[in-house]
Amino acid sequence: MTRAYPRCIINIYPSLLPSFGGKGFYGMKVHKQVIASGARYSGATIHFVNEEYDKGKIFAQRVVPVLASDSPEDLAARVLKESRVLLARHSTITRNSSIHPLCKVI
């Protein structure tokens, strides 16, 4: 599917890729790993989907601090909020030349 539609499919990912990405990392697993690692920052990433897990070209990121008191749920809530801001700010990507010309915007 990704080969048939290069630069057509985007993913909003709940960390600052390339950190905490790849096969097996999704949802709350990401936030638990971020906290367990002692990272001071996490965030949201928008990237193109390709054949490799979370390896597509990144075109936007937004940083979220990791607080000492954070639970995975706390961090997830803040990352989700910033993901929405990020997506709204970059919704013009559909008019950008980085989208493959054969893609259909839905």
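None of the values given here were measured: they were computed from a predicted structure. (Residues numbered from 1 in each chain as written. Predicted model: local features only at pLDDT ≥ 70, side-chain atom pairs only at ≥ 80, totals over all residues. Heavy atoms only, no water.)

Right, let's get into the overall build of the protein chain. Scanning the protein chain from N- to C-terminus turns up two helices and three strands. Reading the protein chain from its N end, one meets helices and strands in the order β-α-β-β-α. Residues classed as buried in the protein chain amount to 33% of the 106 residues present. Counting only contacts in the protein chain whose residues sit at least 6 apart along the sequence, the fraction spanning at least 24 positions is 63%. Total accessible area computed for the protein chain in this model is approximately 6900 Å², and 56% of it derives from carbon and sulfur atoms. (Helix = DSSP H or I, 4+ residues; strand = E, 2+ residues; numbered from the N terminus. Buried < 20%, exposed > 50% of the residue type's maximum accessible area, 1.4 Å probe, protein only. Contact = heavy atoms within 4.5 Å. Areas by Shrake-Rupley, 256 points an atom, 1.4 Å probe, with all protein chains shown as cover.)

Topologically, G38 is positioned in the loop between α1 (28–37) and β2 (41–48). Remark: the alpha-carbon pair of G38 and V66, spanning 28 residues in sequence, is separated by 8.6 Å.

So, about the confidence of the model for the protein chain. Scored by pLDDT, the protein chain comes out at a mean of 87, with 86% of its residues at no less than 70. Mean pLDDT values over the elements of the protein chain span from 92, in strand β1 (residues 10–13), up to 97, in α1. (pLDDT = per-residue confidence, 0-100.)

So, about the nonpolar core. Counting 12 residues, the largest nonpolar core is built from Y13, L17, V30, V34, A44, I46, A60, V64, V66, L75, V79 and L86. When residues of this core are traced back to their parent elements, those giving at least two are α1, β2, β3 (58–65) and α2 (72–89). Examining the composition of this core, we find that three residues originate from one element, α2, more than from any other. The contacts of L75, once residues within four sequence positions are left out, are H31, V34, I35, S42, V64, P65, V66 and D70. (Core = buried A, V, L, I, M, F, W, Y, C linked by side-chain atoms within 4.5 Å.)

Another aspect to go through is α1. Those residues of α1 that fall on the buried side of the exposure criterion are V30, H31 and V34. The buried residues of α1 occupy an angular sector of 95° when projected down its axis, which confines them to one face. Buried residues along α1 sit in contact with β1, β2 and α2. Phi for G38, located one or two positions after α1, is positive at around 85°. (Arc of directions from axis to C-beta.)

Backbone torsion omega between L17 and P18 reads 15°, so that peptide bond is classified as cis. Positive phi, normally seen in glycine, also occurs at F20, with a value near 60°. Mapped onto the secondary structure, F20 falls in the loop between β1 and α1. Phi is positive for D54, close to 55°, though the residue is something other than glycine. In this fold, D54 is placed in the loop between β2 and β3.

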